[in-house]
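# An overview of the molecular structure
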Amino acid sequence: METKTSRMVRMNLGEVHCEPPNNRLDKFTGTLTFRDQKYALDNERILLRGCTLRNTEWCFGLVIFAGPETKLMQNCGKTTFKRTSIDHLMNVLVLFIFGFLAFMCTVLAIGNGIWEFQEGSVFTAFLPRPDGVDASFSAFLTFWSYVIILNTVVPISLYVSVEIIRLGNSFYIDWDRKMYYPRSDTPAEARTTTLNEELGQIKYVFSDKTGTLTQNIMTFNKCSISGKSYGDVFNFAGQRLEITEKTEKVDFSYNPLADPKFSFHDHSLVEAVKLEAPEVHNFFRLLALCHTVMAEEKEEGNLLYQAQSPDEGALVTAARNFGFVFRSRTPETITIVEMGVQKSYELLAILDFNNVRKRMSVIVQSPEGKLSLYCKGADTIVYERLHPSCSKLMDVTTEHLNEFAGEGLRTLVLAHKNLDEDYFREWSTRHHMASTTLEDREERLDELYEEIEKDLLLLGATAIEDKLQDGVPQTIEQLSKANIKIWVLTGDKQETAENIGYSCNMLREEMTDVFIISADTPQEVHEELRNARKKMKPESEDEPTIIQRGILDKKSKMLPDETVDGEYGLVINGHSLAYALDKSLEQELLRTACMCKTVICCRVTPLQKAQVVELVKKYKQAVTLAIGDGANDVSMIKAAHIGVGISGQEGMQAVLSSDFSFAQFRYLQRLLLVHGRWSYLRMCKFLRYFFYKNFTFTFVHFWYAFFCGFSAQTVYDEWFITVYNLVYTALPVLGMSLFDQDVNDRWSVQFPQLYSPGQLNKYFSKTAFFKCVLHSCYSSLVLFFIPYAAMYDTVRDDGRDIADYQSFALLAQTCLLITVCVQLGLDTSYWTAVNQFFLWGSLAVYFAITFTMYSNGMYLIFTASFPFIGTARNSLNQPNVWLTILLTSILCVLPVVAYRFLLIQLCPTINDKVRFKVRQAKVALPPPSFRTRLRRRSSRRSGYAFSHAQGYGDLVTSGKYLQRGAISRGRGFSSSIQQRSGALQEMPQMYRAVKDASQ
């Protein structure tokens, strides 16, 4: 596309005409013409408000003018680098450590200045000072000398060790066979290695619905025809039976064109079809004619249906199995096979579906010349257009609809009427004029549709099940027990979202109340949110309590959680959510939503999904996770702290943008409650122990400075200082950080309450860090003063003196290494052969290296490098030295053991209680009990959701689809499910009638 004064940008929503006066990338102002309406462009961002995107009320876009090309990206957000809360905390702590290091060095430098001023003159007789060197200059040099000596307090290797631990924990997720989905050969995948421990801190989960909670595979489950309900199975006593895999299925072998994968259990419906009941035949004839499905038959009887939505594919397939087979279509005709007889109906008009009409109708002429209108749509819409004579049948059908809705099924009402030929000829003329006019075309067509779609005769209703993925209700129940709040953000309509909420155990009949927010103005939205909040907590203040937080970090506002009595649910539609997300209402929305146990946002756009996530991140000090399976979930996945993609039937866009991916929603339970909790627990243990061993090691130098005249003399051998972090303590702490677990995976799932401490940052925080510092300070005092007192004026068994610097250094470093190893053993909950090897191997290597470096041979070869000749064999063969080591180690760990013992006895944590149960069990954990999914009765009615875009009536009647080549035989429904996000599909979905979607 070359640069011109005006440009045309073609998108799937129409044509956008841009007239830019300025082509600069950093600034763009101009106008945008969309469907004869002009909109202002400002700083490259445009908001089309009030325009129509196939009857969608909101459209967001970003126009980028770069060089000769113009691109428009919808719902595209910037990519951010995700970091965990522990990363941010470590950065703050490292800054504190640097300040603490400077403070210690300053104290010792001042001490050196005082000591040089008072005592330094005594040494000038044999250690004369150079010219110009005085006490202050000596203190200055001492400051930098101690910076070098005490630099071990700075965790230089911390970040490297953290990345190694994260990499190891990522492999555990990749290798977990319990998160492998064999049907699609899809293992779980950790697509990043920097967010593992944050999986153990999730507070909010934002989930898509279709394809994430559900399989996006529709099955014809039940129906109501002329006041009789079909689909249930009864025994001889008239009692309803639960349908299972062993329940006998209807045999459709009499129909050579039947779909072998279709299953139905109520034989009475087949008998009614075979008895040629007129209302039953009309019912299935409607399903075979009133749709925009396209059929392809490459082989005799092998039909491939292309459906705008899975719902339509399921209905046409049901009609096919019951003897009304949709076989082919042209722009003017529809060919079906009725009970073995092929008939061709003339297609006179398609009154297409949109999200305002909520119904679809076709007008056809039968081979006998009879004109008929067939209509299907949402019950509330169709009921308004029924003939008064249908009132009794409507009451019975309503009871069936309530029953279907109570079971979480998606319902649809069917109606028809016969048309007078003269009236239709006159109506058709007006319809042609309205469809070709250039002004108010849509309004005029709607008036004509309303005119002809009245006085309909009710046929019945259908009930379709959008099957939940396996284990979804159990997973949501377990996550709720772990105090994880799940918000469903879906593009589906309100009724459908509510049904799935009940099916997933997110909404329950025993809830105190479920609030529906569906206002049309900002004032009404604010009033409904306020009324809901006041009903949950009457004493709540109108103005929210804002907590300013952030030390050494950006200041931010936080809304504290407000507790309420009872359980509540909140359902808000996309139109109301658009107002509620405004700055003036966002705090009210968040306060009300966070009081509820369940939040469902329906009819939301991809951008609104991201805005909801950002709102929670802005005002809640909590970790968020977003999970979805389609391209419309990408913005939400990128906005959350952690994004999870499900590799389902909607392509790989969500997976490619995610941090973790797997094939089924139920694996989220194991990802969080097992891998996430273990990763967080291991990382916190590692950090506590890492800071403890480093601070303990360094503080001994600090105390020693007061006994060596602040001369910057090290208390340890220089070789010990070199290999302490590199060899002696590196592998044991890595072993604990990679293999440790407080309880195994089965107990972790059995007791989801174990997850709660991670949400509260109980395992590692600034408070825990300062406790580590105090613990290290105590240990260093014991490690220095006990060996110092034990070595003071001490002699060997033979009377020789061993109270020398080298012997003291050996004793202090031996006590230090044994103490930190014992402390590591106390911190380890799960012992493996690797842990044992690393721990005992570390001690063995220490003594081997010590005896080697302190031997005569090393001294003779490298005299200047190994001055501790004979120190090890002269000191470590003395009983009092080993007694000192034992006493020092006991005094270091005794307070820790006593504190933990008292804590378990007086104030046990959930971890302590579960571990006590594990010790008591002594046998294998019994298998977890799964709740039986019971039939639920409700007074609610479900509405049927075709799709969120306009139907394909124009495409069918135009004949353009005939210009396409043969459709490849894909798996089940195609991955193009863009209708869920409000975007128009480029092609219909594939619906294979003879092949299961999972194959």
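Being a predicted model, the structure only gives us computed values, none of them experimental. (Residues numbered from 1 in each chain as written. Predicted model: local features only at pLDDT ≥ 70, side-chain atom pairs only at ≥ 80, totals over all residues. Heavy atoms only, no water.)

## Focus on helix α16 (residues 606-619)
Quick reminder of the rule: Going along the chain from the N terminus, every DSSP run of H or I of four or more residues is numbered as a helix, and every run of E of two or more is numbered as a strand. One less than the residue count of a helix, multiplied by 1.5 Å, gives the span that helix is expected to have. Buried, partly exposed and exposed residues are distinguished by accessible area as a fraction of the type maximum, computed with a 1.4 Å probe on protein chains only: under 20%, between the cut-offs, and over 50%, respectively.
Between the first and last C-alpha of α16 there are 21 Å, a value that for 14 residues agrees with the 20 Å anticipated at 1.5 Å per step. Listed in full, the buried residues belonging to α16 are Pro 606, Gln 608, Lys 609, Ala 610, Val 612, Val 613, Leu 615, Val 616 and Tyr 619.

## Some thoughts on the sheet that holds strand β23 (residues 485-489)
Quick reminder of the rule: If DSSP finds at least two bridges between two strands, the strands pair.
Read across the sheet, 9 strands follow the order β8-β31-β30-β29-β9-β23-β28-β27-β24 without closing on themselves; strand pairing throughout is mixed. Edge strands, defined here as strands with exactly one partner in the open sheet, are β8 (189-190) and β24 (513-517). Across 5 bridges, β24 lies against strand β27 (residues 568-573) in parallel orientation. Across the sheet, the residue bridging to Ile 516 is Val 571, located in β27.

## Structural notes on helix α5 (residues 278-289)
With 12 residues, α5 extends 16 Å between its outermost C-alpha atoms, agreeing within 8% with the 16 Å of an ideal straight helix rising 1.5 Å per residue. Taken across its 12 residues, α5 has 10 buried, putting it largely inside the fold. For α5, the full list of buried residues reads Val 280, His 281, Asn 282, Phe 283, Phe 284, Arg 285, Leu 286, Leu 287, Ala 288 and Leu 289.

## A closer look at a negative patch on the surface
We apply this condition: In this scheme, patches are assembled from residues that exceed 30% relative accessible area and form no salt bridge. Like charges are connected within 9 Å, while nonpolar side chains (Val, Leu, Ile, Met, Phe, Trp, Tyr) are connected within 5 Å. For the area figures, the Shrake-Rupley method with a 1.4 Å probe applies, and any residue is considered shielded solely by the protein chains shown. We define a salt bridge as a side-chain nitrogen of Lys or Arg found within 4 Å of a carboxyl oxygen belonging to Asp or Glu. Counted as positive: Lys and Arg. Counted as negative: Asp and Glu. His and the chain ends are not counted at all. Charge coordinates come from a single atom per side chain, which is NZ of Lys, CZ of Arg, CG of Asp or CD of Glu.
A cluster of acidic residues, Glu 439, Asp 440, Glu 442, Glu 443, Asp 446 and Glu 447, forms a negative patch at the surface. Relative to the assigned elements, Glu 443 resides in helix α10 (residues 441-452).

## Focus: the packing of aromatic side chains
Defined as follows: Only rings of Phe, Tyr and Trp enter the pairing, Trp through its six-membered ring, and a pair is recorded when the two centres are within 6.5 Å. The plane angle decides the type: under 30 degrees is stacked, over 60 is edge-to-face, the rest tilted. Whether a charge sits over a ring depends on NZ of Lys or CZ of Arg being within 6 Å of the ring centre and within 35 degrees of the ring normal.
Taken as a whole and judged by the stated rule, the model has 61 aromatic pairs. Look at Phe 702 and Phe 706: their rings are 5.6 Å apart centre to centre, the planes differ by 75°, and that puts the pair in the edge-to-face class. Judged by its relative accessible area of 12%, Phe 702 falls in the buried class. Under the relative-accessibility criterion, Phe 706 is labelled partly exposed at 44%. Ring pairs connect the aromatic residues Phe 96, Phe 100, Phe 103, Phe 686, Phe 690, Phe 691, Phe 695, Phe 699, Phe 764, Phe 769 and Phe 770, which therefore count as one cluster. For Lys 274, the ring lying beneath its charged end belongs to Tyr 254, and the centroid distance is 4.5 Å. For the cation-ring pair, Lys 693 lies above Phe 690, with the distance from its terminal atom to the ring centre recorded as 4.6 Å.

## Some words on the packing of helix α24 (residues 766-791) against helix α29 (residues 879-906)
As a reminder, the rule being used: Working convention: axes come from line fits to C-alpha atoms, limited for helices to the stretch in contact. Angles between N-to-C directions cover 0 to 180 degrees. Here the word oblique covers every angle except those under 35 degrees (roughly parallel), over 145 (roughly antiparallel) and from 65 to 115 (roughly perpendicular). Here a crossing is taken to be left-handed if its near helix is turned anticlockwise relative to the far helix by less than a right angle, and right-handed if that turn runs clockwise. In this analysis, two residues are considered to be in contact whenever any of their non-hydrogen atoms come within 4.5 Å of each other. The residue classification treats Ala, Val, Leu, Ile, Met, Phe, Trp, Tyr, Cys and Pro as nonpolar and Asp, Glu, Lys and Arg as charged. All others, Gly included, are polar.
One way to put it is that α24 packs onto α29 with a least axis distance of 10 Å and a crossing angle of 160°. What the angle tells us is that α24 and α29 run roughly antiparallel. For the element pair α24 and α29, the recorded crossing hand is right-handed. The segment α24 lies against α29, with His 775, Tyr 778, Ser 779, Val 782, Leu 783, Ile 786, Pro 787 and Ala 790 engaging Thr 884, Leu 887, Thr 888, Leu 891, Cys 892, Pro 895 and Val 896. Grouping the constituent residues of the contact of α24 with α29 by class yields 11 nonpolar, 4 polar and no charged.

## Quick look at unusual backbone geometry
You will see that Asp 440, though not glycine, has its phi angle at about 50°, which is positive. By the element assignment, Asp 440 lies in the loop between α9 (421-436) and α10. Although it is not a glycine, Asn 505 adopts a positive phi angle of roughly 70°. Checked against the element boundaries, Asn 505 lands in the loop between α12 (494-503) and β24.

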